[in-house]
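Residues per chain are reported as follows:
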Amino acid sequence: MSPEALIRPELLRLAAYHVPDARGLVKLDAMENPYALPGELAQALGRRLAAVPLNRYPDPRAQQLQAVLRREFAIPDGLGLLLGNGSDELIQIIALALARPGAVLLSVEPSFVMYRLIAEYAGLRYVGVPLTADFELDTAALLAAMQAHRPAVIFLAYPNNPTGNAFDRAALEAVIEAAPGLVVVDEAYHAFTGGLSFLDAVPKRDNLLLMRTLSKLGLAGLRLGYLVGAPRWIEQFDKLRLPYNVNALSQCAAAFALEQMPVLSAQAHAIVAERERLALTLAALPGVRVYPSRANFLLLRLPQAAAVFEGLKRRGVLVKNLHGSHPLLTDCLRVTVGTPEENQVFLDALQAELDAIR
Ligand SMILES: *Cc1c(COP(=O)(O)O)cnc(C)c1O
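Just so we're clear, the structure is a prediction, and the values are computed from it rather than from any experiment. (Residues numbered from 1 in each chain as written. Predicted model: local features only at pLDDT ≥ 70, side-chain atom pairs only at ≥ 80, totals over all residues. Heavy atoms only, no water.)

A few points about the domain arrangement of the protein
And then number 1: Domain boundaries assigned for the protein yield domain 1 (3-37 + 262-357) and domain 2 (50-260).
And then number 2: If you average the C-alpha positions of domain 1 and of domain 2, the two centres end up 23 Å apart.
And then number 3: Counting residues at the interface gives 31 residues for domain 1 and 34 residues for domain 2.
And then number 4: Between domain 1 and domain 2, a total of about 2600 Å² is buried, with carbon and sulfur atoms accounting for 69% of that surface.
And then number 5: Per-residue buried area on domain 1 facing domain 2 is highest for Leu264, Arg294 and Leu328; these three make up 25% of the total on that side.
And then number 6: Joining domain 1 to domain 2, the criterion identifies zero salt bridges.
And then number 7: Applying the counting rule to domain 1 against domain 2 returns eight residue pairs in polar contact (both at pLDDT 80 or more).
And then number 8: Mapped by element, the contributors of at least two residues to the side of domain 1 that touches domain 2 are helix 2 (9-13), helix 11 (261-283) and strand 10 (297-301).
And then number 9: With seven residues, the single largest contributor to the side of domain 1 that touches domain 2 is helix 11.
And then number 10: Looking at the side of domain 1 that touches domain 2 residue by residue, the class counts come to 21 nonpolar, four polar and six charged. (Domains from an automatic or database assignment. Contact = heavy atoms within 4.5 Å. Buried area = accessible area lost by both parts, 1.4 Å probe. Salt bridge = Lys/Arg side-chain N within 4 Å of Asp/Glu carboxyl O. Polar contact = N/O pair within 3.5 Å; in protein donor to acceptor, adjacent residues only side chain to side chain. Helix = DSSP H or I, 4+ residues; strand = E, 2+ residues; numbered from the N terminus. Nonpolar A, V, L, I, M, F, W, Y, C, P; charged D, E, K, R; others polar.)

Written as structure tokens, this is what we have:
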């Protein structure tokens, strides 16, 4: 008996999601917030967590956390709310729910790789429509692809990962208007956009769902994402959510952290300010092109990016090498905005690498 005889062929063909080993490196590859909770808050969180009854199952609906999320993110009472073990789990729930025979999940490329990966293992056909050369939505190509493939769902990250830009709002609205199925706007980087959001459009569009995560806001370790949409959609998706998908410690810690929103917001502001400083410094380096970003990372294009990536790693800095992942990303690297000190280490290492290849 071999795996080949029993495992679904599309799964056999897939490669597992690869997370590189970052031990000993300045970690600027995964859009984590570089700042920890301040010491006294971490202490207070410890006391809160100590009181969580670990012998009991969590609240299956995470009601207290839901209330805090609604308050802190101004989610209207009339909309449904679904919590996931990271937004990755929510993408999976949506895909599983829509995986009728022949169903299509559509996204743009380059974008978040989990859309394609999850489509493939949930048994949906994946269609990726290329962005324009400046990473905008190609509205004509999208409308044509919608006509041809009638996608059950379209995923659009706003701002987009790995390009960092927020798509033109009118273009995105045209896609929502023309979509024959659901549209999920993935606002994983909401905290860094200065207020750009489609939340206001959700009550007006019953095919529009909004997804966010606490991961990029400084709570990646908790694994908490949320989906907002019309209750009649959320009720269906909720059937696929495994009972207790958000564990008791995550529920408690997320509620606690969100009560300290000014601290998290101040960290996000510091990251945005540092993003702008880093972008200006990088743009002044000969041969380096920096793309505009509304997120907590920057997309760069530079000569011999793959060699520079390896050189940065040898110098102790881990970024993301995008060269080879998509034709539009030739010679591109993605760097997460770190602390000013981490960014300086990165800048010094990059300068040394650029000097070395010249
Ligand atoms: C990081 C990221 C996510 C994943 O978020 P988790 O909540 O950590 O699973 C989702 N969407 C996009 C576009 C991302 O970049």
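Let's talk about the pairing of strand 4 (residues 125-130)
And then number 1: Bridging between strand 3 (residues 104-109) and strand 4 involves six bridges; their strand directions are parallel. Note that in strand 4 the partner of Val104 across the bridge is Arg125.
And then number 2: In this fold, the crossover linking strand 3 to strand 4 by way of helix 6 (residues 113-122) has right-handed handedness. (Pairing = 2+ DSSP bridges. Right-handed = clockwise from strand over helix to strand, strands pointing away.)

What about the site of the ligand?
And then number 1: Taken together, 14 residues lie around the ligand, and Asp186, Tyr189, Thr213, Ser215 and Lys216 are the ones closest in.
And then number 2: A distance of 3.1 Å separates an oxygen atom of the ligand from a polar backbone atom of Asp88.
And then number 3: In the model, an oxygen atom of the ligand is placed 2.7 Å from a nitrogen or oxygen of the Arg223 side chain.
And then number 4: Contact with the protein chains covers 93% of the free accessible surface of the ligand, which is 390 Å².
And then number 5: In the shell around the ligand, the residues fall into five nonpolar, five polar and four charged. (Near = heavy atom within 4 Å. Areas by Shrake-Rupley, 256 points an atom, 1.4 Å probe, with all protein chains shown as cover.)

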